[in-house]
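Listed below are the residues making up each chain.
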Amino acid sequence: MPASPSTARAINDRLALDLLQRDGPLTAGQLKQLTGLSRPTVADLVERLTASGLIEVAGESGEQRRGPNAKLYGIVAERAHLAALDVRTEGVAVLVSDLLGRVLAEASAPIDGQYGTGPAVEQAVGLVERAAKEAGADRLHTIGIGAPGLIDPASGELRDSTGLPEWHRRLMAALQEKFPEARVGVENETNLAALAEQRDGAARGRDTFVLLWLGLGIGAAVVLDGTLRKGVSGGAGEIGFMPVPGTAGLPSATDCDGGFHSVAGAAAVTALAAEHGATERPARPEPHAAAALVREAVRRSASGGDPAAERFLDALADRVVLGAAAVVSVLDPGCVVLAGEIGRAGADTLADRVQDRLTRMSPLATEVRPSTLGGGAVLRGALLTARDRAQDELFAPPER
């Protein structure tokens, strides 16, 4: 059945808004060419979207032509302000942007949960308040949070997990209370990093891949056919619990010790470095200490083929490939991205070693790539998610 006039208008409006978001500002003529709509239909939707406050004249095309230059239309960036948070065990990073994703303010601060859950939550909320004020945002439309741990599919909240600070779980409700008009959502950090890598990083252009997070904890994000797969209980990719050879025991439902985490997590990597001659442990909290040791080994390997550094990196790759091979054998993703503090520190040096081992272990052709977004992947993913959510609401047709 053909769409009703109101449905057709809504479809055309969203198409134009998506094009302006991706490629704008654009002239009415460019919108006509890109959408395939008639000139009167484009004129109507431009008038409609301008009246609704979603788009505005952003300049002129500058084309040499008879008569006045064509007007350029763009999204009204100030229509909504967004906040994105990357919540770590030791602190929080936050940024505030406009609807186009332009960063207006950034801030970060260490948070010591030993002083109590309440003070820790107050510190985090205060950081968001200060960033919003610096950005000139009177109100926040959407807040996206990236945090370690499982997200309950029913409630959309962080589940109670052993080893994670209590203030993480309280933060979402505290932000909702402080910013009652905002839409607040939380997502697993590894999933957000994968979305960011797919949009702007190592997995750009791929609709199927797995991101392997190597940091304080271990996890994986699974993107199949362009869709992030979370599983029935929100736990798809919790490979830190996966039993592997070489551990003293087996993981349990509440403790991943004895699983893949025990051979590839930050503490295990630090111990492995010590076994291969690392006599100094960087005075930094895990996983940054482990990442520093890996980064130093990569430097020494590149500068002269230091035998101890080579052996350490080989041993680390032997461990990482256990998780990569298990994921590849089940999902056949074609691409594995190594992320997290340790994955980033290993860069191409570690990725190439894992690639070599995986090629020998599996008949399934798989490319192993290091993250290209660095430490900002989770924050970038949280911002992209917040922006998509805000656009879905603002760009939706008005209810009748």
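Residues numbered from 1 in each chain as written. Predicted model: local features only at pLDDT ≥ 70, side-chain atom pairs only at ≥ 80, totals over all residues. Heavy atoms only, no water.

Per an unreviewed UniProt entry, the protein goes by ROK family transcriptional regulator and derives from Streptomyces lienomycini.

## Some details on the overall build of the protein
We count it as follows: The secondary structure listing takes helices from DSSP runs of H or I that are at least 4 residues long and strands from runs of E that are at least 2 residues long, numbered from the N terminus. What the globule rule says is 2.2 Å times the number of residues to the power 0.38, and the radius of gyration is computed from C-alpha atoms. Only protein chains enter the area calculation, which uses a 1.4 Å probe; residues under 20% of their type maximum are buried, those over 50% are exposed, and those in between are partly exposed. Here, two residues are considered to be in contact whenever any of their heavy atoms come within 4.5 Å of each other. Per-residue and other accessible areas follow the Shrake-Rupley method at a 1.4 Å probe size, with only the shown protein chains counted as cover for residues. Under the convention used here, Asp and Glu are negative, Lys and Arg are positive, and both His and the chain ends fall outside the count. Charged groups are reduced to one reference atom each: NZ for lysine, CZ for arginine, CG for aspartic acid, CD for glutamic acid.
What the protein contains, in helices and strands, is twelve helices and 13 strands. Here the C-alpha atoms of the protein give a radius of gyration of 24 Å, agreeing with the 21 Å that 2.2 N^0.38 yields for 400 residues. Dimensions of the protein, computed from C-alpha atoms along their principal axes, come out at roughly 75 × 50 × 45 Å. Counting all 400 residues of the protein, 48% fall into the buried class. Taking as baseline every contact in the protein between residues at least 6 positions apart, the subset at least 24 positions apart corresponds to 61%. Carbon and sulfur atoms make up 50% of the accessible area of the protein, which totals about 19100 Å². With 41 positive and 51 negative side-chain charges, the protein shows a separation of 5 Å between the mean positions of the two kinds.

## Observations concerning the packing of helix α8 (residues 266-275) against helix α9 (residues 288-304)
What counts here: Angles here are taken between N-to-C directions and fall from 0 to 180 degrees, while the axes themselves are lines fitted to C-alpha atoms, restricted in helices to the stretch in contact. Any angle that is under 35 degrees is reported as roughly parallel, and any over 145 degrees as roughly antiparallel; angles of 65 to 115 degrees are reported as roughly perpendicular and all others as oblique. Crossing handedness follows the turn of the near helix against the far one: under a right angle anticlockwise gives a left-handed crossing, and clockwise gives a right-handed one. Side-chain classes are defined by residue name, with Ala, Val, Leu, Ile, Met, Phe, Trp, Tyr, Cys and Pro counting as nonpolar, Asp, Glu, Lys and Arg as charged, and the others, Gly among them, as polar.
Taken N-terminus to C-terminus, the directions of α8 and α9 make an angle of 40 degrees; their axes are 8 Å apart at the nearest point. By the criterion of interaxial angle, the relationship of α8 to α9 is oblique. Relative to α9, α8 is oriented so that their crossing is left-handed. Two secondary-structure elements touch here, α8 through Ala 266, Val 269, Thr 270 and Ala 273 and α9 through Ala 290, Leu 293 and Val 294. Its residues assigned to classes, the contact of α8 with α9 comprises six nonpolar, one polar and no charged.

## Here's the deal with helix α4 (residues 117-135)
Note the threshold: For a helix, the expected span equals 1.5 Å multiplied by the residue count minus one.
Across its 19 residues, α4 extends 27 Å between first and last C-alpha, which sits within 8% of the 27 Å expected from 1.5 Å per residue. Along α4, the positions that sit buried rather than exposed are Ala 120, Val 121, Ala 124, Val 125, Gly 126, Leu 127, Val 128, Ala 131, Ala 132 and Ala 135. A positive phi of about 75 degrees marks Gly 136, the residue just after α4.

## Things to note about the sheet that holds strand β13 (residues 367-370)
The cut-off we apply is this: When DSSP locates at least two bridges between a pair of strands, those strands are taken to pair.
The five strands are arranged β11-β10-β9-β12-β13 in an open sheet whose pairing can be described as mixed. The open sheet has two edge strands, β11 (227-229) and β13, and neither has a second partner. Each neighbouring strand pair of the sheet contributes to a mean axis angle of 25 degrees, computed without reference to strand direction. In the sheet, strand β9 (residues 209-214) pairs with strand β10 (residues 218-224) via six bridges, with the strands oriented antiparallel. Note on β10: the bridge partner recorded for Trp 213 is Gly 219.

## Here's the deal with the side chain of Thr 142
Which entries qualify depends on this criterion: Polar contact criterion, stated in full: a pair of N or O atoms within 3.5 Å, where within protein one must be able to donate a hydrogen and the other to accept it, and residues adjacent in sequence count only if both atoms are side-chain atoms.
Along the polypeptide, Thr 142 turns up in strand β7 (residues 142-147). Here His 141 takes part through its side chain, which lies 2.7 Å from a polar atom of the side chain of Thr 142. When sequence neighbours within four positions are dropped, the list of residues in contact with Thr 142 reads His 81, Leu 82, Ala 83, Arg 183, Ala 386, Arg 389 and Ala 390.

## Quick look at unusual backbone geometry
A negative phi angle characterises most non-glycine residues, just as the trans form characterises most peptide bonds. Of note in this structure, Asp 225 is not a glycine but carries a positive phi near 55 degrees. Inspection of the secondary structure assignment puts Asp 225 in the loop between β10 and β11.

## Some details on helix α11 (residues 340-361)
Definition in use: The angle separating two fitted axes, one through the seven residues that finish at a residue and one through the seven that start at it, defines the bend at that residue.
Along its 22 residues, α11 runs just 24 Å from first to last C-alpha, ending more than 12% under the 32 Å computed at 1.5 Å per residue. Along α11, the helix axis deviates most sharply at Ala 347, where the bend reaches about 100 degrees. Burial in α11 covers these residues: Gly 340, Glu 341, Ile 342, Gly 343, Ala 345, Gly 346, Leu 350, Ala 351, Arg 353, Val 354, Arg 357 and Leu 358.

## Concerning the environment of Gly 249
Looking at the element boundaries, Gly 249 is found in the loop between β11 and α7 (261-264). When the C-alpha atoms of Gly 249 and Ser 262 are compared, they prove to be 9.8 Å apart, with 13 residues separating the residues in sequence.

## As for the pattern of salt bridges
Defined as follows: What makes a salt bridge here is a side-chain nitrogen of Lys or Arg within 4 Å of a carboxyl oxygen of Asp or Glu, nothing more.
All chains considered together, the criterion is met by 24 salt bridges. As a salt-bridge pair, Arg 14 and Asp 392 come within 3.1 Å of each other at their nearest N and O atoms. Here Arg 14 is found in helix α1 (residues 5-23), whereas its partner Asp 392 is found in helix α12 (residues 377-394), with 378 residues between them in sequence. Exposure remark for Asp 392: the relative accessible area of 46% places this residue in the partly exposed category. Several salt bridges share partner residues, and in doing so they unite Glu 310, Asp 314, Asp 318, Arg 353 and Arg 357 into one network.

## Comments concerning the packing of helix α6 (residues 189-200) against α12
Direction vectors running N to C along α6 and α12 enclose 80 degrees, while the axes themselves pass 7 Å from each other. In terms of their interaxial angle, α6 and α12 are classed as roughly perpendicular. Residue-level contacts link Glu 189, Leu 192, Ala 193, Leu 195, Ala 196, Glu 197, Arg 199 and Asp 200 of α6 to Ala 377, Val 378, Arg 380, Gly 381, Ala 382, Leu 384, Thr 385, Arg 387 and Asp 388 of α12. For the contact of α6 with α12, the residue count by class is eight nonpolar, two polar and seven charged.

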